[in-house]
Amino acid sequence: MHASFGRSSVQPGAAEEMDALVQSAGGAVIARLFQHRHAPDPSSFVGSGKVVEIKAAAEANGITTIVFDSDLGPGQASRLEEATGCKVIDRTELILTIFALHARTAEALLQIELAQLRYALPRLTGMWHHLSRLGGGIGTRGPGETQLEVDRRKARQRIKLLETRIDEVEERRVLRSSARRGAFQVALTGYTNTGKSSLLNALCGSGVHAEDKLFATLDAVTRRLHSDGAGQIVLSDTVGFIDRLPEELIASFRSTLGVVRDADLLILVGDLSNPWRERQMQLVRSTLDDIGAGSIPRILVWNKSDLADPATPMEGIVTSALTGCGLAGLAEAVIKARNDSLSRFELLVEGDDGLLQNWLYENCAISSRTVAEGAQTISGGCMHGLDRLRARLAESTVAWQLHPLSDTNGNPEWTKAQETR
Ligand SMILES: Nc1nc2c(ncn2[C@@H]2O[C@H](COP(=O)(O)OP(=O)(O)OP(=O)(O)O)[C@@H](O)[C@H]2O)c(=O)[nH]1
Ligand SMILES: [Mg+2]
């Protein structure tokens, strides 16, 4: 059921997207109904005439569930259920259902349960108000009244517990993330079903689940992107975005979305074959602003080029995770972005410290290493400044000289007095 109000109309592509959402939740779309009104009806949302039409369409087609591509107010859904004899689900509830169906890891399960409870809490009132009317006359305390209080209390207690558990998960994620501070962290982000997981698989040779369903991915999966031994670049796949992403989800998936917020670079993936790709990309940009990731450098990628008209004019990198087209260019662009953000140094090491060498290759991008008369000269760069390198050098037993270079484009320019030991 698609409703629009006032001067607005149903967005192009919204009906097709709703069909895909229903299919992702395991349902099949039998009929689409549209309604335009000056404003939502406070009681039935679509107005009593439309309710009669919905009921008739449901009866004629054996429909058991009606999905509204809008959010219904507390009470409206139960009144619509009563009037139509069908189960009524609003957009947020549908998206939460898909998330609940696709959640696999402990973290995703905690986050989705929290989102569902936050969604249900204000709606318990409407549900129990409806039941309590059965309990007695005006002013009497219906049986639902006390049950409502109990349910609300239980829901709030559970919300508190879930929030604590998610905080713990978030703390562990931040720890893992800081352990990777030497690495360049890249996050694949974008509208749902654009091919983010497929790109991760194609770029990193990993076996992440990819499927033609909305919200196939709910967890951030991180893999190493190989880059010729030039330090580490890690690539994370994460949950996709959608138009009107429920705020309960944004709030509850804080920990998963943290991977996007903490990234050094975002790969914004759009679907080149989708006629509404520009609008989708705009929604992704504004969601990134909303979650605090608006200022992270980004690369724009248009995927599924094999399905698109070759004449489609596009700014950005054009790829196909399926055929491999454009992937080398994307990997190059990521490596270039990483190289541009390095703090460069030249290091002279006298003597042999194998552990230090291993550390340098694991944690820095090493561009050259020469050995002469027992001393090594190593040129390279570090992510996020040279402090970690300094701390590691302080632990080394051999003599060294560190020359920080200011020009990140590789023109050696001594800026500081050399640091030595
Ligand atoms: N033809 C074609 N299909 C692709 C391409 N990339 C991905 N797909 C398909 O598109 C569907 C969605 O791909 P995913 O990689 O799961 O997309 P996603 O962005 O991770 O989706 P969510 O995790 O659900 O947000 C799958 O059926 C993929 O096989 C591509 O370049 N060309
Ligand atoms: Mg995915």
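Residues numbered from 1 in each chain as written. Chains lettered and ligands numbered in written order. Predicted model: local features only at pLDDT ≥ 70, side-chain atom pairs only at ≥ 80, totals over all residues. Heavy atoms only, no water.

Caption draft 1: Spatial organisation of the site of ligand 1. Neighbouring residues of ligand 1: 23 residues in total, closest Lys196, Ser198, Ala216, Thr217 and Asp306. Within the backbone of threonine 194, one N or O atom sits 3.1 Å away from an oxygen atom of ligand 1. Between phenylalanine 215 and ligand 1, the recorded distance is 3.0 Å, taken from a backbone N or O atom to an oxygen atom. Starting from 650 Å² of accessible surface for ligand 1 in isolation, the protein chains cover 89%. Of the residues in the shell around ligand 1, the class split is seven nonpolar, ten polar and six charged. (Near = heavy atom within 4 Å. Polar contact = N/O pair within 3.5 Å; in protein donor to acceptor, adjacent residues only side chain to side chain. Areas by Shrake-Rupley, 256 points an atom, 1.4 Å probe, with all protein chains shown as cover. Nonpolar A, V, L, I, M, F, W, Y, C, P; charged D, E, K, R; others polar.)

Caption draft 2: Examining the sheet that holds strand E7 (residues 233-237) more closely. Ordered in space as E6-E7-E5-E8-E9-E10, the six strands form an open sheet in which the pairing is mixed. The open sheet terminates on both sides in strands that have one partner only, identified here as strand E6 (221-225) and strand E10 (317-318). Here strand E5 (residues 184-190) pairs with strand E8 (residues 265-271) via five bridges, running parallel. Residue pairing in the sheet places alanine 187 in a bridge with leucine 266 of E8. (Pairing = 2+ DSSP bridges. Helix = DSSP H or I, 4+ residues; strand = E, 2+ residues; numbered from the N terminus.)

Caption draft 3: Geometry of the nonpolar core. One finds Leu21, Phe99, Phe215, Leu249, Leu266 and Leu288 to be the most contacted residues of the largest nonpolar core, which totals 42 residues. At the level of secondary structure, the elements contributing two or more residues to this core comprise helix H1 (14-24), helix H4 (91-102), helix H5 (106-132), helix H9 (254-261), E8, helix H10 (277-290) and strand E9 (298-303). Residues in contact with leucine 249, not counting those within four places in the same chain, are Ile95, Leu96, Phe99, Ile112 and Ala115. (Core = buried A, V, L, I, M, F, W, Y, C linked by side-chain atoms within 4.5 Å. Buried < 20%, exposed > 50% of the residue type's maximum accessible area, 1.4 Å probe, protein only. Contact = heavy atoms within 4.5 Å.)

Caption draft 4: The coordination of the magnesium ion (ligand 2), seen in detail. Coordination of the magnesium ion (ligand 2) by the protein involves Ser197 (OG) and Thr217 (OG1), with metal-donor separations of 1.9 to 2.1 Å. Of the two residues, serine 197 is situated in helix H7 (residues 196-204) and threonine 217 in the loop between H7 and E6; the sequence distance between them amounts to 20 residues. Classification of serine 197 as buried rests on a relative accessible area of 7%. The class of threonine 217 is buried, set by a relative accessible area of 13%. (Donors = N, O, S within 2.8 Å, 3.2 Å for Na, K, Ca; no water.)

Caption draft 5: Up close: the packing of aromatic side chains. One pass over the structure, following the stated rule, counts four aromatic pairs. When the centroid spacing of 6.2 Å and the interplanar angle of 75° are considered together, the rings of phenylalanine 45 and phenylalanine 68 count as edge-to-face. Placement of the pair is phenylalanine 45 in the loop between strand E2 (34-37) and helix H2 (48-61) and phenylalanine 68 in the loop between strand E3 (65-67) and helix H3 (76-84), with a sequence separation of 23 residues. Just as phenylalanine 45 is buried, phenylalanine 68 falls in that class too. Their ring planes at 85° and their centres at 5.2 Å tell us that phenylalanine 99 and phenylalanine 253 sit as a pair that is edge-to-face. In this pair, phenylalanine 99 sits in helix H4 while phenylalanine 253 sits in the loop between helix H8 (247-252) and H9, placing the two residues 154 residues apart along the sequence. Of the aromatic side chains, those joined through ring pairs into one cluster are Phe5, Phe45 and Phe68. (Phe/Tyr/Trp six-rings, centres within 6.5 Å; stacked < 30°, edge-to-face > 60°.)

Caption draft 6: Structural view of the side chain of serine 236. Looking at the element boundaries, serine 236 is found in strand E7. In this structure serine 236 comes out as buried when scored by relative accessible area, which is 5%. Sequence-distant contacts of serine 236, that is, excluding residues within four places in its chain, are made with Val186, Ala187, Leu188, Val221, Thr222 and Val259.

Caption draft 7: Geometry of the state of the cysteines. In total, this model carries zero disulfides according to the counting rule given. Unpaired in terms of disulfides, cysteine 364 finds its nearest cysteine sulfur in cysteine 382, a separation of 3.4 Å. Here cysteine 364 falls in the buried class, since its relative accessible area comes to 1%. (Disulfide = S-S within 2.5 Å.)

Caption draft 8: Here's a closer look at the pairing of E2. Burial along E2 is one-sided: the face carrying Gln35 and Arg37 is buried and the face carrying Phe34 and His36 is not. Here strand E1 (residues 2-5) pairs with E2 via four bridges, running parallel. For histidine 2, the partnering residue across the bridge sits in E2 and is phenylalanine 34.

Caption draft 9: Structural context of the pairing of E5. By the criterion of burial, E5 is predominantly enclosed, with seven of the seven residues buried. The alternating pattern of E5 places Phe184, Val186, Leu188 and Gly190 and Gln185, Ala187 and Thr189 on opposite faces, both of which are buried.

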